[in-house]
Amino acid sequence: MFSTDKSSFNKKDVSDCDYKISLAGNPNVGKSTIFNELTGLRQHTGNWTGKTVEFARGCCKIKDARFCITDLPGCYSLLSFSGEEAVTRECLIQNQNDCVVIVVDCGVIERNLSFALQVLSVTKNAVLCLNLCDEAEKNGIKIDCDELSLSLGIPVVKTCATDKKGLDELKEAIYDVCIGKTKCFRVKRNFEGVDILSEKNYKQNIEKLSQTGSKISNNCVKYEKSELNACTRKLDKILTSKTAGIPIMLAMLGILFWITVVGANYPSEWLSSLFGFIKEKLYILFNFLHTPDVVTGLLIDGVYTTLSWVVSVMLPPMAIFFPLFSLVEDSGYLPRIAFNLDRHFSKCGAHGKQSLTMAMGLGCNACGVTGCRIIESPKERLIAILTNNFMPCNGRFPTIIALLLMFFAGTAFTLSSSLEVAALLIGIIVFCVFITLVISKVLSVTILKGEQSGFVLELPPYRKPQILKTIVRSLLDRTLFVLGRAVAVAAPAGAIIWILANVHISDVSLLKYCTDFLDPFGRFIGVDGVIIMAFILGFPANETVIPIIIMSYMASGTLVDYSSYDQLFQLLSMNGWTITTAVCTIILCILHYPCSTTCLTIKKETGSLKWTLVSMALPTAMGIVLCMITAGVMRLF
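Each value, and the rule that gives it
- Residues numbered from 1 in each chain as written.
- Predicted model: local features only at pLDDT ≥ 70, side-chain atom pairs only at ≥ 80, totals over all residues.
- Heavy atoms only, no water.
- Helix = DSSP H or I, 4+ residues; strand = E, 2+ residues; numbered from the N terminus.
- Buried < 20%, exposed > 50% of the residue type's maximum accessible area, 1.4 Å probe, protein only.
- Areas by Shrake-Rupley, 256 points an atom, 1.4 Å probe, with all protein chains shown as cover.
- Pairing = 2+ DSSP bridges.
- Axes fitted to C-alpha atoms, helices over the stretch in contact; angles between N-to-C directions.
- Contact = heavy atoms within 4.5 Å.
- Salt bridge = Lys/Arg side-chain N within 4 Å of Asp/Glu carboxyl O.
- Core = buried A, V, L, I, M, F, W, Y, C linked by side-chain atoms within 4.5 Å.
- 1 Å grid on protein atoms, 1.4 Å probe; cavity = no way out; pocket = protein on both sides within 12 Å on 5 of 7 lines; lining within 4 Å.
- Points joined across faces, edges and corners; volume = space filled by probe spheres on them.
- Nonpolar A, V, L, I, M, F, W, Y, C, P; charged D, E, K, R; others polar.
- Parallel < 35°, antiparallel > 145°, perpendicular 65-115°, else oblique.
- Left-handed = near helix turned anticlockwise from the far one by under 90°.

### Quick word on the overall build of the protein
Counting its secondary structure elements, the protein contains 25 helices and 10 strands. The burial tally for the protein puts 57% of its 637 residues in the buried class. When the accessible area of the protein is evaluated, it comes to approximately 27,700 Å², of which 62% is carbon and sulfur surface.

### Re the sheet that holds strand β3 (residues 65-71)
If you walk across this open sheet you meet the 6 strands as β2-β3-β1-β4-β5-β7, and the pairing is mixed. Each end of this open sheet is capped by a strand with a single partner; those strands are β2 (56-62) and β7 (156-158). The sheet shows a mean angle of 25° between the axes of neighbouring strands, taken without regard to direction. Two elements, β2 and β3, share 7 bridges in a ladder whose sense is antiparallel. By the bridge assignment for β3, I62 is matched with A65. Lying over the sheet, helix α4 (residues 109-120) contacts β1 (19-25), β4 (99-105) and β5 (126-131), oriented at roughly 165° with respect to β4.

### Examining the pattern of salt bridges
This model, assessed by the stated rule, comprises 6 salt bridges. When the shortest N-O distance is used, the salt bridge between D516 and K512 registers 3.4 Å. Of this pair, D516 and K512 both sit in helix α19 (residues 510-524), 4 residues apart, which is roughly one turn of that helix. A salt bridge links D519 to R523, with the nearest nitrogen and oxygen atoms 3.2 Å apart. Placement of the pair is D519 and R523 together in helix α19, with a separation of 4 residues, close to one helical turn.

### Brief notes about unusual backbone geometry
In this structure, L132 is a non-glycine residue whose phi angle is positive, near 60°. Along the polypeptide, L132 turns up in the loop between β5 and α5 (133-138). Even without a glycine there, the phi angle at K164 is positive, about 60°. Here K164 lies in the loop between β7 and α7 (167-179).

### Brief notes about the nonpolar core
Among the nonpolar cores identified, the biggest contains 99 residues, and F257, L362, L425, I549, Y553, L572 and W577 are the most heavily contacted of them. Considering every element that reaches this core, the biggest residue donor is helix α17 (residues 415-445), with 10 residues. Contact partners of I549, with chain neighbours within four places excluded, come to V530, I531, A534, L572 and W577. Counting residues in each nonpolar core, the second largest holds 64 residues, with I34, F35, F67 and V194 among its members.

### Here we look at empty space enclosed by the protein
For the structure shown, the criterion picks out 2 cavities of 30 Å³ or more. Its volume calculated, the second largest cavity comes out at about 40 Å³. Lining the second largest cavity are L120, T123, K124, L152, I154, F185, R186, V187 and F191. Split into classes, the residues belonging to the lining of the second largest cavity amount to 6 nonpolar, 1 polar and 2 charged.

### Notes on the packing of helix α20 (residues 529-537) against helix α23 (residues 579-590)
In the contact formed by α20 and α23, the axes pass within 12 Å of each other and the chain directions differ by 20°. Looking at the two axes, α20 sits roughly parallel to α23. For the element pair α20 and α23, the recorded crossing hand is right-handed. Of the residues in α23, those in contact with I531, I532 and F535 of α20 are T581, T585, L588 and C589. In terms of residue class, the contact of α20 with α23 is built from 5 nonpolar, 2 polar and no charged.

### Quick notes on helix α2 (residues 31-39)
Most of α2 sits out of view: 9 of its 9 residues are buried. For α2, every residue scored as buried is listed here: K31, S32, T33, I34, F35, N36, E37, L38 and T39. Immediately beyond the C-terminal end of α2, within one or two residues, lies G40, with a positive phi of roughly 80°.

### Re the packing of helix α16 (residues 397-407) against α23
Closest axis-to-axis distance for the α16/α23 pair is 10 Å, and the angle between their directions is 160°. Comparing the axis directions of α16 and α23 gives the class roughly antiparallel. Considering only the axes of α16 and α23, their crossing is left-handed. Within the contact between the two elements, α16 uses T399, I400, L403, L404 and F407 and α23 uses I579, A582, T585, I586, C589 and I590. In terms of residue class, the contact of α16 with α23 is made up of 9 nonpolar, 2 polar and no charged.

Right, here's the structure in full:
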């Protein structure tokens, strides 16, 4: 009956559509999922507050008409003026929509009706979409759609977007409203004494619309079960308790890290062997083509070797960690983490949602910085951006794991050693959280003084993740996206590294001159010049730090992989590495400037070169100071 033409539209078609539709609703009501199903776009959907923070547009075809659909930022009210609410408010008032689809969660319809009434106070043509109706029915919630439609003056449609139920009926309702077949009318009694455009009577407007929503809910909704969400409440008593909440969170992270550490080891070796085989064939091909040695060295020993290292090291852990993290995210557990950590962040002048952006930073700091958009306060958003790099990203984990295995857990990759590494990684994460809190507090009382905002966080119901869909979405939207970005910056880095290692002055390479120049400073802070240079050259991609160190020690002129941790441990030991060197290197790995991709993202998000430089200087200065203190203390023993 209906067709959603997903291939015949592009950006130009948006302006050519017959009707303009906007999707509005609270966070966690499935609005973005409905948008995806209507338009066929892969808009990422997450089960936490404020996931949709900017416009997303797409087109679809219903019967003989084309529709431009805008997914508005999720917000709780049009009567206050946070960034998300201001964007949604402005679009609804000024965008001249032909129809607004108000998406609500059937399970909490009374609270959602307050927002629906706010939308109806500024626009008449609308459709109320009662989403997540399957969950409501399981909880014994019965909604009289006809009575609700009369009370609001608009069509009401039940849907379950994840199972694609009710979408045809929703399209029918949208089409009928737009062409004028279904007439919407304003129920004046719902808005008596309410002026949505007034900022003076903010509290009174909120109270009046909330009371009206409650009356409508009482008339149209019946609760057949006396105890709703009993299982959710029982789980929340445990997962959000002061005593068990944080230990459970740490245990969950420990399990994720352990699975990632164990699972990524073997695919990394396979990829390394595959790329090594391809490298041999490339040598044969270049030899056959009589390619000059300089070109061969630059392209194969420089660019290709760097790219192969980045892919073989980054892809397996990301392909494991991101899907696992997405499953946790879609289950509804992440908002509980934010709830548990909120009081700690509040004491430090930061925002509870910063814990979510920090969790994103564990996968990729650039993604974490972008995720800071969910924080409404500009001051607290900036604090979250500046401190996100204190969480080690996926690109730094291989270096940290290698050093932990060699110097603290034994070089043999066994079950016991992997458990030790997972436990040590949890300790490092806790240390990073502590540093983040300290720096957030310092920033909030110095250069970023200001009034602290409140933290409104809805705890959504626990949901069974769509495992296959979540894994595929995570691989496409996160893993390959981040990997592609890393490859883009690693390629020129490989060329620069090769040039430094192979251009000689008086039989000494430029790389050797650089490492010798930096060596006194490196020794002073517990490392050496090679390690300092490796971090400098690793600016485009943190994954290249260990290969650069190996290349420098072996004076090979090309990035060298290692076939086992035993061989790498022997090489490092021969070049003077001790426990002190390993500890200081781990500290520098955690605390140094963001990679180039993250820096570009910070510049884009803040619009300021000054704050980008601050974000680079903060962790680097802290890393140098901590290395100096650590090296000084350890030399005493």
